[in-house]
Amino acid sequence: MRTRPLDLVAPALVTALLIGCGGSTPSPTAATASAAPTEAAAGRAMQPEFDASQDEGRAPTAKREEAEAADPGAALAEPAPPPALPVAAAPVAPSPPSPMPTQSRATKAGAAPGADARIQVTGGAPAPKKAPTPAATAVARPAPPPPSVAVTAPEPQGSETYRDYGVNPVEDPAKDRLSTFAIDVDTASYAIARRKIMDGALPPYQAVRAEEFLNYFDYGYASPATGPFAVHLAAAPSPFTAGHHLVRVAVQGKRVTAKERTPVHLVYLVDTSGSMQSPDKIELAKKSLKMLTDTLKPGDTVALCTYAGSVREVLAPTGIESKGKILAALDDLTAGGSTAMSSGIDLAYSLAERTLVKGHVNRVIVLSDGDANVGPTSHDEILKTIKRARDKGITLSTIGFGQGNYKDLMMEQLANQGDGNYAYIDSEAQARRVFSEQVGGMLQVIARDVKIQVEFDPSFVKSYRLIGYENRDVADRDFRNDKVDAGEIGAGHSVTAIYDVELKAPALKGEGAAPVVVRLRHKAPLGSNTAEETLVKMAPGAVAPTFDAAPADFRFASAVAGFAEVLRHSPHARSWRLADIEKIARAAASSKGDQQEFIGIIRRAGALASGKTNAVAVNAD
């Protein structure tokens, strides 16, 4: 999907590994050597009204790079660490107090994500925090009083890691009229949040990535008449902020039937370490792979290998004509031992090279809880291995399982480096959705290195802000740089982005130039590395006069974006209420099961935020 500079990706992965090592806390030396600060937390109270003060979102990496290009001296100034967010607390039932995070959102536009981005670790002992000076030392913090409302569920098995990518700032189009980002089709963040809420706890705000909430749902966008994808633009007055509009940019990939798709050669790489020993991990992973295998057709091949304390080739590349042999190999998988992920990936790629065919889909699928606690302490080499394989045409997708010691950060970044997609499986229903109903998106690539650039005309637009995609940011100057890696679109995939926009009066009259122009750049799935570019202008008639007059799919996506904003404690959503978001979702939802379920998820989250202990019993009408 996307690549990010190794100096930003690798340190975060190293930190995740160090924290996961045997479930122990890293030493102060290891912590201060890492470029990505870590914090220990058992959770944080979340209130939809946002009584606690919060800071403005951090400017993305690409914008910072552009600022540095204009002023090289600016890169030498290390920004001060962000202030801690005050958290209101009140006594609850007697129990040992849980350590609370002191994380905040960075406020300075252009600040380096390496300095500001935080990784949350839930459960386990408090981890030392990196100080802003070279001679930093870990300082123990007294435990604050427990929160008054729902908190993150205790994680007795170990710890979970998530990275806070911040919140995009409000931009003035007179100063910067371009918003550029890589396509993203991951959905794991929503599935993780849903599981936590269903289990009676609000998700850590760092675990919420708004784009993965939006892209979880199928909005029924029309397929393209020609070409790999169609662009659908719409806008309407915002139901959240008076005087603002929401602008939706949607991309729908063409749908491909099983008969039409290219042959695929898959390598299943399954984590069989001791941390996978539970029905919602190894057993669910086996069921998931059986579903995937059942969708394959003649000409497809499957190989199977595992990694724990050692790696093992379970099944050499085998044609789907021998499906019984593949299913039997899956049945025999058991979990036990420690985890050596890097050597497992090396074996998976060696298997993939045996069936590497130009023009076919060659993909490694990693199934794990991400808890790698044996092996190299640095991920530089594993990232280089993934990049070399990607350049050969072997992509990598990650599928996450379980909770308690789950490493979201690692699973997300490995898929990003491998040009694959990242999903999370919490039930057989979710497995069926990913590996059966929507499997075409994983098995058939229709466009590579897809970038989106949205231009806002300052004569019509006063300000804009992209909701989500903070870690998919691309420098505006790199939009037409075909050497810069971006994201893939699979068959049937749809991508939705929503902007919070303040329009000027002339824009509402439908006169003159289009207020929004969208450009997409992509490469063909095979062949030339020269990208093609598509331009789409928003017609004045695409702006609905009222929110209620907007299409139902637009209104439902608005509710999804609003829910993500509240859960991730966006400073722009302080006054947004979950009850209002639920009403919007209820009025716009289709009869699809996931959209109906979403209504109940919002209600449960609202009950949890209000401190109701019976929130898990709340269901949608």
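Residues numbered from 1 in each chain as written. Predicted model: local features only at pLDDT ≥ 70, side-chain atom pairs only at ≥ 80, totals over all residues. Heavy atoms only, no water.

Some remarks on the side chain of K451
Reasoning step 1: Locating K451 in the fold gives a position in strand β13 (residues 445-456).
Reasoning step 2: Buried and unpaired, K451 has D482 as its nearest opposite-charge partner, separated by 5.1 Å.
Reasoning step 3: Reaching out from K451, the side chain makes a polar contact with the backbone oxygen of F479 at a distance of 3.4 Å.
Reasoning step 4: At 2.7 Å, the side chain of K451 forms a polar contact with the backbone oxygen of N481.
Reasoning step 5: Residue contacts for K451: discarding those within four places in its chain leaves F181, A182, D478, F479, N481, V484, A486, R519, L520 and R521. (Helix = DSSP H or I, 4+ residues; strand = E, 2+ residues; numbered from the N terminus. Buried < 20%, exposed > 50% of the residue type's maximum accessible area, 1.4 Å probe, protein only. Lys, Arg positive; Asp, Glu negative; His and termini not counted. Salt bridge = Lys/Arg side-chain N within 4 Å of Asp/Glu carboxyl O. Polar contact = N/O pair within 3.5 Å; in protein donor to acceptor, adjacent residues only side chain to side chain. Contact = heavy atoms within 4.5 Å.)

Describing the nonpolar core
Reasoning step 1: In this structure, F213, F556, F563 and F598 are the most contacted members of the largest nonpolar core, which totals 47 residues.
Reasoning step 2: Among the secondary structure elements, those contributing two or more residues to this core are α5 (188-198), α6 (210-214), β5 (229-237), β6 (245-253), α14 (552-567), α15 (578-588) and α16 (593-609).
Reasoning step 3: Ranked by the residues each element gives to this core, the list is headed by α14, at 10 residues.
Reasoning step 4: In this structure, F563 is in contact with I197, F213, L578, I581, F598, I601, I602 and A605, ignoring residues within four places of it in sequence.
Reasoning step 5: Core analysis: the second largest hydrophobic core is formed by 34 residues, L289, L292, I326 and V439 among them. (Core = buried A, V, L, I, M, F, W, Y, C linked by side-chain atoms within 4.5 Å.)

A few points about the sheet that holds strand β11 (residues 394-401)
Reasoning step 1: Strand order in the open sheet formed by 6 strands is β9-β8-β7-β10-β11-β12, and the pairing between neighbours is mixed. Pairing within the sheet leaves two strands with one partner each, and these edge strands are β9 (311-319) and β12 (422-425). Strand after strand, the sheet turns through a mean of 20° between neighbouring axes, direction not considered.
Reasoning step 2: Across 7 bridges, strand β7 (residues 264-271) lies against strand β8 (residues 301-307) in parallel orientation. (Pairing = 2+ DSSP bridges. Axes fitted to C-alpha atoms, helices over the stretch in contact; angles between N-to-C directions.)

Topic: the pattern of salt bridges
Reasoning step 1: One pass over the structure, following the stated rule, counts 40 salt bridges.
Reasoning step 2: A salt bridge links E455 to R519, with the shortest nitrogen-to-oxygen separation between them at 2.8 Å. Taken together, the residues span a long stretch of sequence, with E455 in strand β13 and R519 in strand β17 (residues 516-523) at a distance of 64 residues.
Reasoning step 3: For E455, a relative accessible area of 16% gives the class buried.
Reasoning step 4: The salt bridge involving R521 is made with E533; its shortest N-O contact spans 2.9 Å. Residue R521 is located in strand β17, and its partner E533 is located in strand β18 (residues 532-537); the two are separated by 12 residues in the primary sequence.
Reasoning step 5: Residue E533 is classed as partly exposed on the basis of its relative accessible area, which comes to 33%.
Reasoning step 6: Three or more residues joined by partner-sharing salt bridges are found here, namely D184, D186, R209, E212, D408, E412 and R472.

Considerations on the packing of aromatic side chains
Reasoning step 1: Under the definition given, this model contains 19 aromatic pairs.
Reasoning step 2: Ring geometry for F556 versus F598: centroids 5.4 Å apart, planes at 65°, classification edge-to-face. Taken as a pair, F556 in helix α14 and F598 in helix α16 lie far apart in primary sequence, 42 residues in all.
Reasoning step 3: Owing to a relative accessible area of 0%, F556 belongs among the buried residues under this scheme.
Reasoning step 4: In textbook terms, an aromatic cluster arises when at least three aromatic residues are bridged by ring pairs, as seen for Y190, F213, Y216, F217, Y219, Y221, F556, F563 and F598.
Reasoning step 5: Over the aromatic face of Y216 sits the side chain of R433, whose NZ or CZ is 3.8 Å from the ring centroid. (Phe/Tyr/Trp six-rings, centres within 6.5 Å; stacked < 30°, edge-to-face > 60°. Lys NZ or Arg CZ within 6 Å of the ring centre and 35° of its normal.)

Here's the deal with the packing of α14 against α16
Reasoning step 1: Between α14 and α16, the shortest axis-to-axis distance is 12 Å and the interhelical angle comes to 30°. Regarding α14 and α16, the two cross each other, and that crossing is left-handed. Residues F556, A559, V560 and F563 of α14 touch α16, and the partners they reach there are Q595, F598, I601, I602 and A605.
Reasoning step 2: Looking at the contact of α14 with α16 residue by residue, the classes come out as 8 nonpolar, 1 polar and no charged. (Left-handed = near helix turned anticlockwise from the far one by under 90°. Nonpolar A, V, L, I, M, F, W, Y, C, P; charged D, E, K, R; others polar.)

Re the environment of Y162
Reasoning step 1: As for its placement among the helices and strands, Y162 is situated in strand β3 (residues 160-164).
Reasoning step 2: Separated by 244 residues in the primary sequence, Y162 and Y406 place their C-alpha atoms 9.2 Å from one another.
Reasoning step 3: At a separation of 2.5 Å, a polar atom in the side chain of Y162 contacts the side chain of E160.

Focus on the pairing of β11
Reasoning step 1: Among the 8 residues in β11, 8 count as buried, and that is most of the element.
Reasoning step 2: Going residue by residue along β11, you find I394, L396, T398 and G400 tucked away on one face and T395, S397, I399 and F401 tucked away on the opposite face as well.
Reasoning step 3: Across 7 bridges, strand β10 (residues 361-368) lies against β11 in parallel orientation. Counted as the bridge partner of V364 is L396 from β11.
Reasoning step 4: In this structure, β11 lies alongside β12, joined through 4 bridges in parallel fashion. Paired with T398 across the strands is Y422, a residue of β12.
Reasoning step 5: Crossover handedness for the path β11 to helix α11 (residues 408-417) to β12: right-handed. (Right-handed = clockwise from strand over helix to strand, strands pointing away.)

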